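Structural characterization, general
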2 protein chains.
Amino acid sequence: MKNFIFQNPTKLVFGKGEIAKLSELLPHDIRLMITFGGGSVKKNGVYEQVMASLKGWDFIEFWGIEPNPRVETLRKAIRIGKENKVDYLLAVGGGSVLDGTKLIAAGIASEEDAWDIVLGKVARQQIPFASVMTVPATGSEMNGGAVITREETREKYPFGGNYPHFSILDPEVAYTLSSHQIACGLADAYTHVLEQYMTTPGQSRIMDRWAEGLLLSIIEIAPGIKANPKDYDLMADYMLAATLALNDFIQMGISQDWATHQIGHELTALHGITHGHTLAIVMPGTFRVLKKQKHDKLLQYGERIFNITNGTEEERVDKAIEKTEDFYRSLGLTTRLSEEGVGIDTIEVISQRFNERQVAFGENKNVTGDLTREILRSSL
Amino acid sequence: MKNFIFQNPTKLVFGKGEIAKLSELLPHDIRLMITFGGGSVKKNGVYEQVMASLKGWDFIEFWGIEPNPRVETLRKAIRIGKENKVDYLLAVGGGSVLDGTKLIAAGIASEEDAWDIVLGKVARQQIPFASVMTVPATGSEMNGGAVITREETREKYPFGGNYPHFSILDPEVAYTLSSHQIACGLADAYTHVLEQYMTTPGQSRIMDRWAEGLLLSIIEIAPGIKANPKDYDLMADYMLAATLALNDFIQMGISQDWATHQIGHELTALHGITHGHTLAIVMPGTFRVLKKQKHDKLLQYGERIFNITNGTEEERVDKAIEKTEDFYRSLGLTTRLSEEGVGIDTIEVISQRFNERQVAFGENKNVTGDLTREILRSSL
């Protein structure tokens, strides 16, 4: 096990009806801006619940943070926030609204341009922020990360910073999500776990078991939610799984990968494919290309998650990769670039971008532009 | 899943050599008192490491917090702390030193008598405290709980309060623990998990999986550590397991039990049996007496932890209980009261105490004095 420091200060407020606690959770004497997406919270009752809890409060609203939040939009929010001397933000919506809000929090606290903050990788200061999270997927509600898109150049990069003060998660508000949103959310959470799990074996028995516990739970939950998206206990477990998949709890003392995410971000930036969906396409390809490097862990994964115990080691590894792709497909997602009309041209663009940026992603820092080409070709 | 609020602010600093970070982790401008146990930290090098990191710092030392820390001792520390206007405590030692320090932190911040604070169940205020944790067992390094003994009346009660600011855990310092300490620590961590896990089934798939992940890991670690207590990776996983077994991570949205702990505390208070050892004696008895109530979860536990899949349901439940007792014995602990010279008289005292206090412990609040008699008789 590697040495590590763990600290996650976010207060998680979980369960039906908990949005009513908002006025108790927010500090008083703040100049509050509430940030929203495109308006789905007005259809699912969340906006009403927030307004009911904050009756009599003074705040401004910022609407229009889009999926894959754009720095161009967020700059506007930063300007409005500064003009109004906002010192606390509340994101009400999904992972994109909260990710965008994390950058707004950094932009308000700084004189730097918002895109420079993203390129700096870590926000040096942020005003405090919290969330009412309505979409189980990104884990943003209990971590310090965010991913921001620059529309102008079709770039999408992650940056890190502070954690939300608190996040309210009410599984009932997720009942109205579309089946595609749920499929992408499940794929996102599943892949977050794999990015932390599918690394050198034997680093920590416990972290392995906890990652496997999330994978098994997500696999178990998926068909039930598809059949009945208003099953409270299933939705609660899904929502909790999405949070625990990316809140540092399963990355103590172990190495991580994240190459699949970096490649996936390019597919979103260039083709607008939903984040979770890009992962369903790239992850099996990453496994296929890196199957020698990940051989032992793929064996463990195949046995503990899919009960694959027969055949040669190579056959079992192949089977584990196949089962992974099958799982993504079972969610209702395509897993091949060609199914999304993406071809060789895009692969070359991404490969060239990575080579130009001289990046090398993944646990072993070997996922260069050239290796990315192989991964994407294997996912054609 | 039940509604829940989760927040654990403790910074966990984990790994070899990390005690050297102490001077970076402690705030400056504090009036620091460092608390210790009986002196083992002078033998295992921990004291030297602490002094090396705090070279040039001004602090006072309080020595002599005993196993099962006594309010009589802690009152002295509170007096010294107040006299010296101490406003920050650092516990260096095992769970008892830190538990005691939690009460010192409350006592210094209050005018109440220390025992009244314990009887009040929750400390209303505490000065901040941190720890260098040297014994994997209680989880006190990352939770708000503590258990205090009143020697005068042979009583032992838990109370709750703030979490440590930070805790440093270096697995190497645990190399010098005795095999009995390790056995009791493993039993303690294992039972902490069971107290949260062995409740109504189906509350959360994920919490079940995470609890099972800890149980499987502890079972896997135990024989290896016995054979080689200086295996770093085993010791690191054991230390991490003990922390994660009782830091709220596996109790989100679920009910809990803790009857075994309450009964175990009485055995420690009356006979001085080490805490972890009392659990090894009581837990199988609790299972035997409550096996109807816990039937479905015992089946799940038997299958997922011990691979028990053959036989009638009742046979499988019995087998799971048997395997639990076998595990405690495999650690080198006795699991019967008679083996420790404890007989009917003590059982009657505990049963009467519980009846007088009109307590009813456990998930279903049905573990009264009378049911406790049954549990302890089944563990004779």
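Remember, it's a predicted structure, so these values are computed and weren't measured experimentally. (Residues numbered from 1 in each chain as written. Chains lettered and ligands numbered in written order. Predicted model: local features only at pLDDT ≥ 70, side-chain atom pairs only at ≥ 80, totals over all residues. Heavy atoms only, no water.)

Residue and element names in this part refer to chain A. Even without a glycine there, the phi angle at N307 is positive, about 60°. A relative accessible area of 61% places N307 in the exposed class. In this structure, Q358 takes a positive phi of about 55° despite not being glycine. Here Q358 shows up in the loop between α14 (344-357) and α15 (369-378). Assessed through its relative accessible area of 71%, Q358 is described here as exposed. (Buried < 20%, exposed > 50% of the residue type's maximum accessible area, 1.4 Å probe, protein only. Helix = DSSP H or I, 4+ residues; strand = E, 2+ residues; numbered from the N terminus.)

Moving on to the interface of chain B and chain A. Counting from both sides, the interface comprises 42 residues of chain B and, opposite them, 42 residues of chain A. Interface area for chain B against chain A, summed over the two sides, is near 3,900 Å², with a carbon-plus-sulfur share of 60%. When the area that chain B buries against chain A is broken down by residue, the three leading residues are M1, R205 and W210 of chain B, summing to 19%. On the surface where chain B and chain A come into contact, there are six salt bridges. A salt bridge links R205 of chain A to D237 of chain B; its shortest N-O distance comes to 2.9 Å. (Contact = heavy atoms within 4.5 Å. Buried area = accessible area lost by both parts, 1.4 Å probe. Salt bridge = Lys/Arg side-chain N within 4 Å of Asp/Glu carboxyl O.)

We now examine the packing of helix α9 (residues 232-244) of chain A against helix α8 (residues 205-227) of chain B. Two elements in contact, α9 of chain A and α8 of chain B, have axes separated by 8 Å at closest approach and are oriented at 50°. Here α9 of chain A is positioned oblique relative to α8 of chain B, judged by the angle of their axes. Residues D233, L234, D237, L240, A241 and L244 of chain A of α9 of chain A lie in contact with α8 of chain B, whose contacting residues are R205, I206, M207 and W210 of chain B. (Axes fitted to C-alpha atoms, helices over the stretch in contact; angles between N-to-C directions. Parallel < 35°, antiparallel > 145°, perpendicular 65-115°, else oblique.)

Attention shifts here to the side chain of T101 of chain A. All names here are of chain A. Tracing the chain through its elements places T101 in helix α5 (residues 95-108). Side-chain polar atoms of T101 contact the backbone oxygen of V97, separated by 2.6 Å. Among residues more than four places away in sequence, those in contact with T101 are T35, I65, L89, A91 and F129. (Polar contact = N/O pair within 3.5 Å; in protein donor to acceptor, adjacent residues only side chain to side chain.)

The next subject is the relation of the copies chain B and chain A. Overlay of chain B on chain A (RMSD 0.0 Å): rotation 180°, translation along the axis 0.0 Å. Within this description, the copies of the chain are treated as partners about a two-fold rotation axis. In terms of C-alpha distance to the rotation axis, chain B has P9 of chain B as its closest residue, with the C-alpha 2.3 Å off the axis. Looking at the interface residues of chain B, 100% of them are also at the interface in chain A, so both copies use one shared face. (Least-squares fit on C-alpha atoms with pLDDT ≥ 70 in both.)

Turning next to the packing of α14 of chain A against α15 of chain A. Residue and element names in this part refer to chain A. Where α14 contacts α15, the axes come no closer than 8 Å and their chain directions differ by 155°. With respect to α15, the axis of α14 lies roughly antiparallel. α14 and α15 meet at a crossing whose hand is right-handed. Of the residues in α15, those touching α14 at I344, I347, E348, I350, S351, F354 and N355 are G369, D370, T372, R373, L376 and R377. Residue composition of the contact of α14 with α15, grouped by class: five nonpolar, four polar and four charged. (Left-handed = near helix turned anticlockwise from the far one by under 90°. Nonpolar A, V, L, I, M, F, W, Y, C, P; charged D, E, K, R; others polar.)

Backbone hydrogen bonds hold the strands of a sheet together, and the pairing may be parallel or antiparallel. Spatially, 12 strands are ordered β3(A)-β2(A)-β4(A)-β5(A)-β8(A)-β1(A)-β1(B)-β8(B)-β5(B)-β4(B)-β2(B)-β3(B) in an open sheet, and the strand pairing comes out mixed. With partners counted over all chains shown, the strands left at the sheet margins are β3 (59-62) of chain A together with β3 (59-62) of chain B, one partner each. Ignoring which end each strand starts from, the neighbouring axes of this sheet average 20° apart. Here helix α3 (residues 46-53) of chain A sits on the sheet and contacts β2 (32-36), β3, β4 (88-93) and β5 (129-133) of chain A; the angle it forms with β2 of chain A, its principal contact strand, is near 170°. Across the sheet, α5 of chain A lies against β2, β4 and β5 of chain A, angled at about 165° from β4 of chain A, the strand it touches most. (Pairing = 2+ DSSP bridges.)

A word on the environment of I350 of chain B. Residues and elements named next belong to chain B. By the element assignment, I350 lies in helix α14 (residues 344-357). Between the C-alpha atoms of I350 and L270, which are 80 residues apart in sequence, the distance is 8.9 Å. Excluding residues that lie within four positions of it along the chain, I350 makes contacts with E266, L267, L270, T372 and L376.

Taken as a whole, this structure holds 32 aromatic pairs over all chains when the rule is applied. Both rings, one in Y47 of chain A and one in W63 of chain A, keep their centres 5.6 Å apart while their planes meet at 55°; by these two values the pair is tilted. In this pair, Y47 of chain A sits in helix α3 while W63 of chain A sits in the loop between β3 and α4 (71-83), placing the two residues 16 residues apart along the sequence. Judged by relative accessible area, Y47 of chain A falls into the buried class, the value being 17%. Measuring from centroid to centroid gives 5.1 Å for F354 of chain B and F361 of chain B, while their planes differ by 75°, and the two rings are edge-to-face. Take F354 of chain B and F361 of chain B: they sit in the same class, and that class is buried. (Phe/Tyr/Trp six-rings, centres within 6.5 Å; stacked < 30°, edge-to-face > 60°.)

Residues at a pLDDT of 70 or more form 100% of chain A, whose mean pLDDT is 97. In the predicted complex, the global pTM is 0.97; the interface-specific ipTM is 0.97. (pLDDT = per-residue confidence, 0-100.)

Before going further, it helps to examine the pattern of salt bridges. A complete count under the given rule lists 47 salt bridges over all chains for this structure. E322 of chain A is the salt-bridge partner of K319 of chain A, the closest N and O atoms lying 3.9 Å from each other. Taken as a pair, K319 of chain A and E322 of chain A lie in helix α13 (residues 313-330) at a separation of three residues, close to a single helical turn. Salt-bridge contacts for E151 of chain B lead to R70 of chain B; the nearest nitrogen and oxygen are separated by 3.5 Å. One end of the pair, E151 of chain B, is in the loop between β6 (145-150) and β7 (155-160); the other, R70 of chain B, is in the loop between β3 and α4 (71-83), with 81 residues separating them in the sequence. Overall, E151 of chain B belongs to the partly exposed group, its relative accessible area being 34%. Accessibility expressed as a relative area gives 33% for R70 of chain B, which makes it partly exposed. What emerges from the salt-bridge pattern is a single network uniting R205 and R209 of chain A together with E220 and D237 of chain B.

If you check α8 of chain B, its first and last C-alpha atoms are 34 Å apart, about what 23 residues at 1.5 Å a residue would give, namely 33 Å. Bending of α8 of chain B peaks at approximately 30° at the position of I221 of chain B, with proline P223 of chain B no more than four residues after it. (Expected span 1.5 Å × (residues − 1). Bend = angle between axes of the 7 residues up to and from the residue.)

Another point: the nonpolar core. Y301 of chain A together with Y301 of chain B are the most contacted members of the largest nonpolar core, which has 188 residues in total. If we ignore the near neighbours within four places in the chain, the residues touching Y301 of chain A are Y190, L194, Y197, M198, L215, F287, F306, A320 and T324 of chain A. Formed by 24 residues, the second largest nonpolar core is a distinct cluster that contains L26, I34, F36 and V132 of chain A. (Core = buried A, V, L, I, M, F, W, Y, C linked by side-chain atoms within 4.5 Å.)

What follows is about α4 of chain B. All names here are of chain B. For α4, built from 13 residues, the straight-helix expectation of 18 Å at 1.5 Å per residue is met to within 8% by its first-to-last C-alpha distance of 18 Å. Along α4, the residues classified as buried are V71, T73, L74, A77, I78 and G81. Around the axis of α4, the buried residues are gathered within 150° of arc, so they sit on the same side. Where α4 is buried, its residues contact β2 (32-36), β3, α5 (95-108), α6 (114-119) and β6. The positive-phi residue at the C-terminal boundary of α4 is K85, with phi of around 50°. (Arc of directions from axis to C-beta.)

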